[in-house]
Amino acid sequence: MATDLDGTLVRSDYTVSSYTTEVLAKLRAAGITLVGITGRGPRLIDLCSQHAPGVHFMVFSQGAYVVDLDHGGPPQVLSAIRMEGAAVAKAVDLIEAEVGPVQLVAEALDEPGAPLWFDAGVQWPYPVPYEERHRVDSLAVPLLKAFVRAPSLSTDELLKVARRVVPASLCEATHAGMPFVELCPPGVTKAAGLAVVAGRLGVGARDALVFGDMPNDVPMFAWAGRGVAVANAHHDLLAVADEVTDSNDDDGVARYLDRLLARAAA
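Throughout the structure, instances matching the rule amount to zero disulfides. Looking at Cys48, it has no disulfide partner, and the nearest cysteine sulfur is the one in Cys184, 15 Å off. Unpaired in this structure, Cys184 has its nearest cysteine sulfur neighbour in Cys171, at a distance of 8.3 Å. The buried category is assigned to Cys184, whose relative accessible area is 0%.

Written out as structure tokens, the structure is:
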């Protein structure tokens, strides 16, 4: 079982209910492998562990960075895919040629608590460590991910532009509900990250049950045996979901899983 965090397992007030925590513990006790899968970078591993208690694996950065949390020692990195800063620079040039100047945020570091690198004037929606850097410096090293924002466009509009003008061989473009489009290494999606976990376990995609809420979850819904969207999900995900459960604020993931366990026990 793999679940997205923000907007899916995590409530709008950035908490996870005690009920959800109890249901995840019941799944773990039943021998089900639990995976947290998120756009958040590995710099937020401590927060992710709080929001997805008891998971065996964590997939970060839209699938680029996969960690085994349950092998009896410190977190073991199973996959860490980065892209050259020059590729991001080219992608940003292509986007800016269509929409004008954008704001850039670069994510290069994987240490817990590491800062993001901001263009001047970036307004980030969360209180995180950051450093303001010249864009040339931010793009001088390999990146896990980059974020771009065009203040004159909605995130959906900017994503359409990015997917039209940026070749998939250069960057993978998606969005996770924030006012930024995310540029990831070529081929990096949540489906690719889950495939790393499945390979580690020796299981197939059809054995995976996944939960999500945003366009960045679409690839793993196409990959997994069953995809369940929360009621508050983006229309792109609702269009491909096998089922819809209650919203994140109504513990939709936990309610679905609790019913599943009850049917299995009957």
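Let's shift gears to helix H6 (residues 190–201). For H6, with 12 residues, the first-to-last C-alpha span of 17 Å sits near the 16 Å given by 1.5 Å per residue. Within the sequence span of H6, burial applies to Lys190, Ala191, Gly193, Leu194, Val197 and Ala198. Take H6 and look down its axis: the buried residues cluster within an arc of 160 degrees, on one side only. Check the buried side of H6 and you find it contacts strand E1 (2–3), strand E2 (35–37), strand E3 (57–60), strand E4 (65–68), strand E12 (209–212) and helix H7 (218–223).

In space, the six strands of this open sheet follow the order E8-E7-E6-E9-E11-E10, with mixed pairing throughout. The open sheet terminates on both sides in strands that have one partner only, identified here as strand E8 (130–132) and strand E10 (172–174). The sheet shows a mean angle of 25 degrees between the axes of neighbouring strands, taken without regard to direction. Sheet strands in contact with helix H3 (residues 85–99) are strand E6 (103–107), strand E9 (145–149) and strand E11 (181–184), and its direction is about 145 degrees off that of E11. Contacts from helix H5 (residues 155–165) reach E9, E10 and E11 within the one sheet, and its direction differs from that of E10 by about 165 degrees.

On to the pattern of salt bridges. Under the definition given, this model contains 16 salt bridges. Measuring nitrogen to oxygen at the nearest pair gives 3.2 Å for the salt bridge that ties Arg135 to Glu96. Taken together, the residues span a long stretch of sequence, with Arg135 in helix H4 (residues 135–138) and Glu96 in helix H3 at a distance of 39 residues. As a salt-bridge pair, Lys145 and Glu182 come within 2.9 Å of each other at their nearest N and O atoms. Residue Lys145 is found in strand E9, and its partner Glu182 is found in strand E11; the two are separated by 37 residues along the sequence. One salt-bridge network, held together by shared partners, links Asp4, Lys190 and Asp217.

Thresholds applied
- Numbering of residues starts from 1 in each chain and follows the order in which that chain's sequence is written.
- Whole-chain, interface and lining totals are the exception, using all residues; otherwise, since this is a predicted model, local features are given only for residues with pLDDT of at least 70 and side-chain atom pairs are given and counted only at 80 or more.
- Side-chain measures were taken over the full set of non-hydrogen atoms in the model, leaving aside hydrogen atoms and water.
- The rule for a disulfide is simple: a pair of cysteine sulfur atoms within 2.5 Å.
- Relative accessibility thresholds used throughout: buried, under 20% of the residue-type maximum; exposed, over 50%; partly exposed, between the two (1.4 Å probe, protein chains only).
- Strands here are runs of E lasting at least two residues and helices are runs of H or I lasting at least four, both read from the DSSP assignment and numbered beginning at the N terminus.
- The span one expects for a helix is its residue count, reduced by one, times 1.5 Å.
- Think of the arc as the fan of directions from the helix axis to the C-beta atoms.
- Contacts are residue-level and defined by heavy atoms, with any inter-residue pair within 4.5 Å sufficient.
- The rule for pairing is simple: two strands pair if DSSP sees at least two bridges between them.
- The axes are straight lines fitted to the C-alpha atoms, using for helices just the contacting stretch, and the angles between their N-to-C directions are given from 0 to 180°.
- Salt bridges are defined as contacts in which a side-chain nitrogen from Lys or Arg sits within 4 Å of a carboxyl oxygen from Asp or Glu.

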